[in-house]
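Descriptive analysis of the structure
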Amino acid sequence: MTVYLHSAARATDVPMTDAERKARIELAACYRVFDMLGWTEMIFNHITLRVPGAEPRFLINPFGLHYREVTASSLVLIDLDGNVLRESKWPVNRAGYVIHSAIHGALPQAHCVMHTHTTNGVAVSCLKNGLSSDNFYGAMLHGRVAYHELEGVTVDLGERERIVRDLGDKHVMILRNHGLLSWGANLAEAYLRLWTLQRACDVQLACAQAAGEVIRLSQPIIDRMLAESGPGEAKTCEDVFAAMVRLVDARDPSYRD
């Protein structure tokens, strides 16, 4: 079974637009943000961003580089069929292509897709009852989380249809026994949604380790949390991500290369 997608002879001479260059810098910055937060898995996992244009094309990390090494120029441009559209010395991880192309292909409004294997995210994905709504962050996501059963390493193209089916109209998904996923109309939106899901997992596991009975939130309180908050307001998403990029820039702006 093929594990990688290579450029080889399939790469074409696709002109670099200003929109693509901007997308490359934004996505490379996001990889550095993930590294800063410790949301890394050596060279594995992926964040993808669609490049504006008539054709559905998206950028993905080169397989073999740590998130701390990813730069704007090293990102790989591919289409929904897995064709590498500009020559790259790095391959693309097939599992990343399968998961991300499923969502980019089925949801034109999904301009950014993120997938992680954080320790607490994977731990909650292994719990039969999944994510709890009994903390500040979990309450924001009550009824807003999709679940997809593990089918193995995600390299079977047939799984794409089932991922999309299970995702439904949700913006975040827990891949059972696997990890976390989010998507958004832009990168900042996908980031804040994933951050909220990650925080909910972190607090849930910290609470499980503490002595004492958990205070259960009532449905009226959960409903109020859903109405008054939640990771979806465009300006808030943009402000949050911009703040994270400023922290990255202060540490190492080399991702712009």
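Residues numbered from 1 in each chain as written. Predicted model: local features only at pLDDT ≥ 70, side-chain atom pairs only at ≥ 80, totals over all residues. Heavy atoms only, no water.

A separate point is the overall build of the protein. Within the protein one finds eight helices and nine strands. Relative to the globule expectation of 18 Å for 257 residues, the C-alpha radius of gyration of the protein, 18 Å, shows essentially globular dimensions. Expressed as a percentage of the 257 residues in the protein, the buried residues total 49%. Contacts spanning at least 24 positions in sequence make up 71% of the contacts within the protein whose residues lie at least 6 apart. On the protein, the mean spot of the 26 positive side-chain charges and the mean spot of the 30 negative ones are 1 Å from each other. (Helix = DSSP H or I, 4+ residues; strand = E, 2+ residues; numbered from the N terminus. Rg over C-alpha atoms; globule rule 2.2 N^0.38 Å. Buried < 20%, exposed > 50% of the residue type's maximum accessible area, 1.4 Å probe, protein only. Contact = heavy atoms within 4.5 Å. Lys, Arg positive; Asp, Glu negative; His and termini not counted. Charge placed at Lys NZ, Arg CZ, Asp CG, Glu CD.)

The next thing to look at is the pairing of strand S4 (residues 76-79). Burial of S4 is two-sided: the residues Val 76 and Ile 78 facing one way and the residues Leu 77 and Asp 79 facing the other way are all buried. Strand direction decides the pairing type here: strand S3 (residues 57-60) and S4, joined by four bridges, are antiparallel. Within the sheet, the bridge partner assigned to Ile 60 lies in S4 and is Val 76. (Pairing = 2+ DSSP bridges.)

Helix length check: helix H6 (residues 187-209) (23 residues) gives 33 Å between terminal C-alpha atoms against 33 Å at 1.5 Å per residue, within 8%. Residue Asn 186 occupies the N-cap position of H6, its side-chain oxygen lying 3.2 Å from the main-chain nitrogen of Ala 188. (Expected span 1.5 Å × (residues − 1). Polar contact = N/O pair within 3.5 Å; in protein donor to acceptor, adjacent residues only side chain to side chain.)

Its identity is not glycine, yet Met 42 carries a phi of approximately 55°, on the positive side. Considering the arrangement of structural elements, one finds Met 42 in the loop between helix H1 (18-37) and strand S2 (46-51). Under the relative-accessibility criterion, Met 42 is labelled exposed at 60%. Despite not being glycine, Asn 177 shows a phi value in the positive range, around 55°. Mapped onto the elements, Asn 177 comes out in the loop between strand S8 (172-175) and strand S9 (179-184).

This brings us to the packing of aromatic side chains. Under the definition given, this model contains nine aromatic pairs. Ring centres 4.9 Å apart and planes at 80° place the aromatic pair Phe 34 and Trp 39 in the edge-to-face group. The class of Phe 34 is buried, set by a relative accessible area of 0%. Exposure remark for Trp 39: the relative accessible area of 9% places this residue in the buried category. By way of ring pairs, the aromatic residues Tyr 31, Phe 34, Trp 39, Tyr 67, Tyr 191 and Phe 241 are connected into one cluster. (Phe/Tyr/Trp six-rings, centres within 6.5 Å; stacked < 30°, edge-to-face > 60°.)

With that settled, the discussion passes to the sheet that holds S2. Pairing is mixed across the open sheet formed by seven strands, whose spatial order is S4-S3-S2-S6-S9-S8-S7. One side of each edge strand has no neighbouring strand; the edge strands of this open sheet are S4 and strand S7 (145-148). Between one strand axis and the next, the sheet turns by 25° as a mean value, whatever way the strands run. Packing against the sheet, H6 makes contact with S2, strand S6 (112-116), S8 and S9, and its axis sits at approximately 150° to S9. (Axes fitted to C-alpha atoms, helices over the stretch in contact; angles between N-to-C directions.)

Judged by nonpolar contacts, the single largest core of 47 residues is most densely connected at Phe 34, Met 114 and Leu 131. When contributions to this core are tallied by element, the ones reaching two or more residues are H1, S2, S6, S8, H6 and helix H8 (234-251). At 10 residues, the largest contribution of residues to this core is made by H6. Residues within four places of Met 114 in sequence aside, it is in contact with Cys 30, Phe 34, His 46, Ile 47, His 100, Leu 180, Leu 181, Ser 182, Leu 187, Ala 190, Tyr 191 and Leu 194. With 12 residues, the next largest nonpolar core counts Ile 99, Ile 103, Ala 146 and Ile 163 among its residues. (Core = buried A, V, L, I, M, F, W, Y, C linked by side-chain atoms within 4.5 Å.)

Turning to its location among the elements, Ala 146 is positioned in strand S7. Owing to a relative accessible area of 3%, Ala 146 belongs among the buried residues under this scheme. If we skip the residues at most four places from it in the chain, Ala 146 touches Asp 166, Leu 167, Lys 170, Val 172, Met 173 and Ile 174.

Moving on, we get to the pattern of salt bridges. Within this structure, the stated rule accounts for 14 salt bridges. In this structure, the salt-bridge partner of Asp 166 is Arg 165, at a minimum N-O distance of 3.1 Å. One salt bridge in this structure joins Lys 235 and Asp 239, with 2.8 Å as the shortest N-O distance. Here Lys 235 and its partner Asp 239 are both found in helix H8, four residues apart, which amounts to about one turn of the helix. (Salt bridge = Lys/Arg side-chain N within 4 Å of Asp/Glu carboxyl O.)

With that out of the way, let us pick up the packing of H1 against H6. Close contact between H1 and H6 brings their axes to 11 Å; oriented N to C, the two are set at 15°. Of the possible angle classes, the one that applies to H1 and H6 is roughly parallel. In the crossing of H1 with H6, the sense of the turn from one axis to the other is right-handed. Between H1 and H6, the contacting residues are Glu 26, Leu 27, Cys 30, Val 33, Phe 34 and Leu 37 on the first element and Leu 187, Tyr 191 and Leu 194 on the second. Class assignment for the residues of the contact of H1 with H6 results in eight nonpolar, no polar and one charged. (Parallel < 35°, antiparallel > 145°, perpendicular 65-115°, else oblique. Left-handed = near helix turned anticlockwise from the far one by under 90°. Nonpolar A, V, L, I, M, F, W, Y, C, P; charged D, E, K, R; others polar.)

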